[in-house]
Amino acid sequence: MKEIFLRNLSLKVIAFVAAFFVWLGVVNAANPVITVTRDVEVKITNEEVLEKSNLTYEVVGKNTATVSCRARTRDASRIRAEDFYVYADLSDMYDVTGAIPVYVEVTDNANLIQGTPTVTPGVIKVQTEPLQTKQFTLKAITSGTVESGYETGEIKLDPKTAVVKGPQSLVGQISSVGVAINVDGAAQDLNGTAKPGFYDANGNAMTMSEQVQIEGGDVAYSVDILRLKEVPLNFIVAGNVAAGYEYAGAEATVATVTIAGESSALESVSEIRIQNPALNVEGATGNVKTTVDLRDYLPSGVSLSGMDNTEISVTLKVEQLQTQRVTVPASQVSLTGENSAYDYSVNSGLVTVQVQGLAEDLARLTQKELTLSADVSGADAGVHAVSVDVSLSADFADRMEVLSASPLSVTVRSRNAQAPQTTAAETAASTDAAEGDTGSDTTAEGGTTGT
């Protein structure tokens, strides 16, 4: 069988090609009429007929039809789907079945078409449902991140509402209508226009049928881009605590806040000053607690950033004063008011200083924070118990008070006379006076007692 097929193969190929060209010549010479078909979209007309009845429609099945026409063979390739206008008029709808006749018109190349075109199927079916019109408040849907040190402020939309019209079943799926605005990298106010879109209950964008329309055009928007600044809170406290107590400062749930506003508004803001009648410690013997709303103390044009709740709790700390005794070697006391006619010497011993303040401050107090001096300007030759003046370093001067200091034993000798003979009893008495305690209680160095 194979040998028969391959025998005289070249002659067979030549014969086939010759036959094709003969057939082509016959066709071109005869140019017979053939049937041409094209698939064309069906246009729905007179939609206002249903809108007047507050109805809308949806095509059941395909919305295309097949147009058939007769044309010469050589003209068939020139006939396009765009040469036909296929439509269904809603005013012709049969209410019972929803069937509408389909019509076809030739819009171009009519000279190539023989006879009248036909369309299949001859009817198209639609399903009607109530038409819903619903008004939505437009929302701004921002995306992206503004430049570091800034945040988005007020967003204005014009118009503020949008009217949506469409099939009830589709409009009911819409949770909101919004305008998408990209603020990525913004460091200044934004302005522009955008087309509103549909969003579901989770804030996700929705793609709706063309039957659902938003009345009106694009929406104009403006976005304020605000600068951020961190500032401390300053609580202005009134009143005097009870005797033996001291106001120890304010504690709040936040110590600093981030504010937002135009650069010009933030320039002069270095703190948020909070002055409220509730911030009062008059006669207090314990902590005073209250609540304040930070929004009440913001300057004009300034808002809080990153705070869901602007109310904060404030505790005004009131603590009982404590006393502490600090002993300092007598050698560390400096003498003032010395007379060149005398020699002065500080007898060995300790000076006891009694200080009153808050426990936390007293715990940090050391000898280094005390400066002791004794004025010997009125002392003549002999052994004297000189009063001692005590001053505190700058870190402690405003936080505590020196209650007393034991006197200092100083021996004064005349340079032009024989040194006075001091009896053992006099020396002992002077030393005892210098080392004596000013109160009835005694404590070890650094000890603390109540008032």
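Residues numbered from 1 in each chain as written. Predicted model: local features only at pLDDT ≥ 70, side-chain atom pairs only at ≥ 80, totals over all residues. Heavy atoms only, no water.

Caption draft 1: Spotlight on the overall build of the chain. Counting its regular elements, the chain contains nine helices and 32 strands. In the chain, which comprises 451 residues, the proportion classed as buried is 35%. Of the accessible surface of the chain, which amounts to about 26,100 Å², a share of 47% is contributed by carbon and sulfur atoms. (Helix = DSSP H or I, 4+ residues; strand = E, 2+ residues; numbered from the N terminus. Buried < 20%, exposed > 50% of the residue type's maximum accessible area, 1.4 Å probe, protein only. Areas by Shrake-Rupley, 256 points an atom, 1.4 Å probe, with all protein chains shown as cover.)

Caption draft 2: Spatial organisation of the packing of aromatic side chains. Across all of its chains, the model carries three aromatic pairs by this definition. Members of the aromatic cluster, each reached through a chain of ring pairs, are Tyr85, Tyr87 and Tyr103. (Phe/Tyr/Trp six-rings, centres within 6.5 Å; stacked < 30°, edge-to-face > 60°.)

Caption draft 3: Fine view of the sheet that holds strand 22 (residues 311-320). Reading across from one edge, 17-22-20 is the order of the three strands in this open sheet, with antiparallel pairing throughout. Across the chains shown, the open sheet's two edge strands, defined by having one partner strand only, are strand 17 (245-252) and strand 20 (288-293). Sheet twist, expressed as the mean angle between neighbouring strand axes with direction ignored, is 25°. By the bridge criterion, six bridges tie strand 20 to strand 22 in an arrangement that is antiparallel. In the sheet register, Lys289 faces strand 22, and the bridge partner there is Thr315. (Pairing = 2+ DSSP bridges. Axes fitted to C-alpha atoms, helices over the stretch in contact; angles between N-to-C directions.)

Caption draft 4: Spatial organisation of the nonpolar core. In terms of nonpolar packing, the biggest core is built from 27 residues, with Val353, Leu365, Leu370, Leu372, Val388, Leu408 and Val410 touching the most fellow members. Going through the elements one at a time, strand 23 (322-329), strand 25 (342-346), strand 26 (350-357), strand 27 (370-375), strand 29 (388-392), strand 30 (400-405) and strand 31 (408-414) are the ones with two or more residues in this core. Among residues more than four places away in sequence, those in contact with Val410 are Leu335, Tyr344, Ser345, Asn347, Val376, Gly382, Val383, His384 and Val386. Counting 25 residues, the second-largest nonpolar core is a separate cluster that includes Ala265, Val302, Ile312 and Val318. (Core = buried A, V, L, I, M, F, W, Y, C linked by side-chain atoms within 4.5 Å. Contact = heavy atoms within 4.5 Å.)

Caption draft 5: Focus on the pattern of salt bridges. Tallied over the entire structure, the rule returns 12 salt bridges. Here Asp83 makes a salt bridge to Arg80, at a shortest N to O gap of 3.0 Å. Between Glu251 and Lys317 there is a salt bridge, with its nearest N and O atoms 3.4 Å apart. Residue Glu251 is found in strand 17, and its partner Lys317 is found in strand 22; the two are separated by 66 residues along the sequence. (Salt bridge = Lys/Arg side-chain N within 4 Å of Asp/Glu carboxyl O.)

Caption draft 6: Inspection of the pairing of strand 3 (residues 64-72) at higher detail. Where strand 1 (residues 33-45) lies against strand 3, nine bridges are found, and the strand directions are antiparallel. Looking across to strand 3, one finds that Val36 is bridged to Cys69. Note that strand 3 and strand 6 (residues 114-120) share four bridges and pair antiparallel. Bridge assignment links Thr66 to a residue of strand 6, and that residue is Thr120.

Caption draft 7: Just unusual backbone geometry, in detail. Of note, the amide linkage connecting Thr120 to Pro121 takes the cis form, showing an omega dihedral of 0°. Looking at the element boundaries, Pro121 is found in the loop between strand 6 and strand 7 (123-137). Cis rather than trans, the peptide bond between Asp158 and Pro159 has omega equal to 5°. With respect to the element layout, Pro159 can be found in the loop between strand 9 (150-158) and strand 10 (161-167).

Caption draft 8: Expanded view of the layout of surface pockets. Space inside the largest pocket adds up to approximately 380 Å³. Together, 15 residues line the largest pocket, and Glu47, Thr56, Tyr57, Glu210 and Gln211 are the ones closest to its centre. Of the residues that constitute the lining of the largest pocket, the class distribution is five nonpolar, five polar and five charged. Quantified by volume, the second largest pocket comes out at close to 200 Å³. Going through the elements one at a time, strand 13 (197-199) and strand 15 (213-214) are the ones with two or more residues in the lining of the second largest pocket. Per-class residue counts for the lining of the second largest pocket are four nonpolar, four polar and two charged. (1 Å grid on protein atoms, 1.4 Å probe; cavity = no way out; pocket = protein on both sides within 12 Å on 5 of 7 lines; lining within 4 Å. Points joined across faces, edges and corners; volume = space filled by probe spheres on them. Nonpolar A, V, L, I, M, F, W, Y, C, P; charged D, E, K, R; others polar.)

Caption draft 9: Geometry of the environment of Lys43. Within the secondary structure, Lys43 is located in strand 1. Through-space distance from the C-alpha of Lys43 to that of Asp89 is 8.5 Å; in sequence the pair is 46 residues apart. Aside from chain neighbours lying at most four places away, what touches Lys43 is Tyr85, Val86, Tyr87 and Ala88.

Caption draft 10: Broad picture of the side chain of Glu129. The residue Glu129 is located in strand 7 in this model. One buried charged residue, Glu129, remains without a salt bridge, the closest side chain of opposite sign being Lys134 at 14 Å. Separated by 3.4 Å, the side chain of Glu129 and the backbone nitrogen of Gln168 make a polar contact. Only 3.0 Å separates the side chain of Glu129 from the side chain of Ser169, close enough to count as a polar contact. (Lys, Arg positive; Asp, Glu negative; His and termini not counted. Polar contact = N/O pair within 3.5 Å; in protein donor to acceptor, adjacent residues only side chain to side chain.)

Caption draft 11: A look at the sheet that holds strand 27. The three strands lie next to each other as 24-27-29, forming an open sheet whose pairing is mixed. Each end of this open sheet is capped by a strand with a single partner; those strands are strand 24 (334-336) and strand 29. Direction aside, the axes of adjacent strands within the sheet are offset by 30° on average.

Caption draft 12: How the structure looks around the confidence of the model for the chain. Chain-level statistics for the chain give a pLDDT mean of 87 and a share of 86% at 70 or above. Confidence drops under a pLDDT of 50 for residues 419-431, and excluding neighbours within four residues, the segment shows 12 contacts in the predicted structure. For the stretch residues 433-451, pLDDT sits under 50, and the model shows 44 contacts to residues farther than four places along the chain or on other chains. (pLDDT = per-residue confidence, 0-100.)

Caption draft 13: Examining the environment of Glu82 more closely. One can find Glu82 in the loop between helix 4 (73-76) and strand 4 (84-89). Its relative accessible area of 58% is what places Glu82 among the exposed residues. In the structure, Glu82 is positioned 42 residues away from Val40 in sequence and 7.7 Å away in space, judged by C-alpha atoms.

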